Structures are given as C-alpha cells and as structure tokens.
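Coordinate analysis (summary)
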Amino acid sequence: MSLHGKRKEIYKYEAPWTVYAMNWSVRPDKRFRLALGSFVEEYNNKVQLVGLEEESSEFICRNTFDHPYPTTKLMWIPDTKGVYPDLLATSGDYLRIWRVSDTDTRLECLLNNNKNSDFCAPLTSFDWNEVDPNLLGTSSIDTTCTIWGLETGQVLGRVNLVSGHVKTQLIAHDKEVYDIAFSRAGGGRDMFASVGADGSVRMFDLRHLEHSTIIYEDPQHHPLLRLCWNKQDPNYLATMAMDGMEVVILDVRVPCTPVARLNNHRACVNGIAWAPHSSCHICTAADDHQALIWDIQQMPRAIEDPILAYTAEGEINNVQWASTQPDWISICYNNCLEILRV
C-alpha cells in the first residue's frame, strides 16, 4: 500500500462511542482493516469494521452491526493466505462467529456451552489457533476454559457455513479465568495457557488434560488479567496484574521467576502486544496515556527504559501489533483508534 508517497506516521479514526476491543485483519487483500468494539454499559453495543482508504488516506467505516453487551475481545480468523471464509469472532455473553462480506456482516453461529441453563457465564476472552483455524479457546468467569472445534462447510444457498462443537471443557483455575492464549510450542496446536483471578499463569496440553503446570503466581495473589505469548520464541510470555503498573516477562523453562519486569508506566497497564517479527520487542499501553516499545534483548539483566514512547490524548485501553504489517501498531483511547508507524 503505497499511500501515494504521503507516508503519514499516524492515522486516526473517531468512533461514535468508547472503543475497547480492537483487532487487525490478517488477510493479504485487506491490509489496513480493523474491527472495533464499543464499550457502552448497557445491552446494546456495536462492532464497526473500518478500513484505510488509499485515495483519501482516511479511515472509513465499512460496516456496523449490533452486538449484545460490549465485546470483551474480537479477532479475525488467523488466515494469512485468504483461503478460509472471511470470519470474525467476538466474545461477550457467548462466542459468536460472524461472516463478513462487502455489503454486510451476518452471524454464522453462536457457541453456547451450557445449553441446560438459563444463565450464561460471560466470556472474558478467547484465542483463535493460528496453526489450526478450526480451533478456538474461550475463558470464562465460571473458572473454565472451553476448546471449540469449528466446521466450515461449503456455501449452499443461504445455509450457515460455519458450525461449532465443544471439544473439551476444563476447570482451569480456582477463580475466574481472565485470558487464554495458544502457545506456538510443540507444533502450535495443543498447548495453551490461561491467567485468572487466583493470580496464577497455568499451562495446559490438549493431549494431557489431566494435569496443568503453574508457570507463575503473583506474589500478592493479585488477579492476572492478560497473557501474551512471544510470537517468535515460544518460551517467553508476558502477563500483568489487575491495577498493576508493570508487565512481567516469564520464561516457561524457569517457572515462577520473572526474567524481566517492565515498569516505566505511571498508571495501570491495559494492554500488551509482542512484535510479530522479532522475539525481543514488546509494546505496553496504559492509563498514563503512553504506549511504550521495549527491547528486552539484554534479559535477564534489568530492562531500564523503553526504546520508543508515544503519548496519546487519553487513557489507552488496548494495543495491537499488526501481525502481517510489523511496522504498524494500533491503540485505542476514548472514542479514538490510532494506527502508528513504528
């Protein structure tokens, strides 16, 4: 995308509501496309699909659709070759898979794990397996993680193309589970980790679900909210505690002892994103309006300062590093999305 020589470093989009969830499309033919989820404290929420127009070099909203409750996360199918249908997943009260076309977005399937109850346990997060895009994992406040299998059939008329079933459900933590992420280790299909309100990071293997490994426990037993695997080196992951101002880097080969602590933020950290192309760069974003990029090459020596800092005009709720365009990072704050060239 040449953008006709007008190589701006920052592009901004203003949504009609507070932006919380956000994700870059990975399809090769949809480069500067992102999905945004509203954060409105009521039932009716929205998802917008926005794209950068080459001619005007402005973001435009291509599509808006309704979503019950705010999306806790949204994610495009990790399909770098463009061979699967153009799917988007969202989590909230349930996991939903949406099919995106040029004209509209329609619900393909709603995945609900407790059919026999009138109550649903809200989903805090989910992850879509990059090696096998027919696998997704969800985390819930009911202490469980669920691994879902997707079937994507052929389009026959208006019949829904995608269906899903529970592959396995497990009690992952003693309290609420706040995040789940598949690891690239061991083939990238069977290993995943989760974090939760009990303050632990736990690792699971779909081939041996009878036991899990505790990789880390917060010394004060503060809830851990996010976990993020290094994209190049499957030994490293990052996590952060609720209301915490630091990000902890862990090495699964050395359980329970952080290899680094990134603690330049002056308010609570809300987001973590590893570089897609480098094992030693990570971006953190926080309520202090700052997005910081760190070089952690010198671990286990202390990492004193970030190598890049960007100050936004508000508290940054989320940060995403574009997996197929490593020189672009997106942040959202208030009702704004910004993409930054790094």
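In this text, all values refer to a predicted model and were calculated from it rather than measured experimentally.

**Considering the nonpolar core**
- In terms of nonpolar packing, the biggest core is built from 20 residues, with Val247, Ile249, Leu262, Trp274, Ile282, Ile296 and Met299 touching the most fellow members.
- Secondary structure elements with two or more residues in this core: β19 (236–241), β20 (247–251), β21 (260–262), β22 (269–274), β23 (281–286) and β24 (290–295).

**Topic: the packing of aromatic side chains**
- Under the counting rule described, the total for this entry stands at nine aromatic pairs.
- Taking 6.3 Å as the distance between ring centres and 70° as the angle between the ring planes, the aromatic pair formed by Tyr13 and Phe59 counts as edge-to-face. Taken together, the residues Tyr13 in strand β1 (residues 10–14) and Phe59 in strand β5 (residues 59–68) connect sequence positions 46 residues apart.
- The class for Tyr13 is buried, based on a relative accessible area of 9%.
- An aromatic cluster of at least three residues, connected via ring pairs, comprises Tyr11, Trp24, Phe32 and Trp328.
- The cationic tip of Arg33 hangs over the ring face of Trp76; the distance from NZ or CZ to the ring centre is 3.7 Å.
- A cation over an aromatic ring shows up here: Lys73 above the ring of Phe126, its NZ or CZ 5.8 Å from the ring centre.

**Side note on the pattern of salt bridges**
- All told, the structure shown has 20 salt bridges when counted by the stated rule.
- Note that Asp93 and Arg96 form a salt bridge whose closest N and O atoms lie 2.6 Å from each other.
- Given a relative accessible area of 7%, Arg96 falls into the buried group.
- Note that Arg184 and Glu130 form a salt bridge whose closest N and O atoms lie 2.6 Å from each other. On the criterion of sequence distance, the pair formed by Arg184 in the loop between β14 (177–182) and β15 (191–196) and Glu130 in the loop between β10 (123–128) and β11 (135–140) is long-range, its members being 54 residues apart.
- Salt bridges linked by common partners bring Asp132, Arg189, Asp190, Asp205 and Arg207 together as one network.

Basis of the calculations
Residues numbered from 1 in each chain as written. Predicted model: local features only at pLDDT ≥ 70, side-chain atom pairs only at ≥ 80, totals over all residues. Heavy atoms only, no water. Core = buried A, V, L, I, M, F, W, Y, C linked by side-chain atoms within 4.5 Å. Buried < 20%, exposed > 50% of the residue type's maximum accessible area, 1.4 Å probe, protein only. Helix = DSSP H or I, 4+ residues; strand = E, 2+ residues; numbered from the N terminus. Phe/Tyr/Trp six-rings, centres within 6.5 Å; stacked < 30°, edge-to-face > 60°. Lys NZ or Arg CZ within 6 Å of the ring centre and 35° of its normal. Salt bridge = Lys/Arg side-chain N within 4 Å of Asp/Glu carboxyl O.

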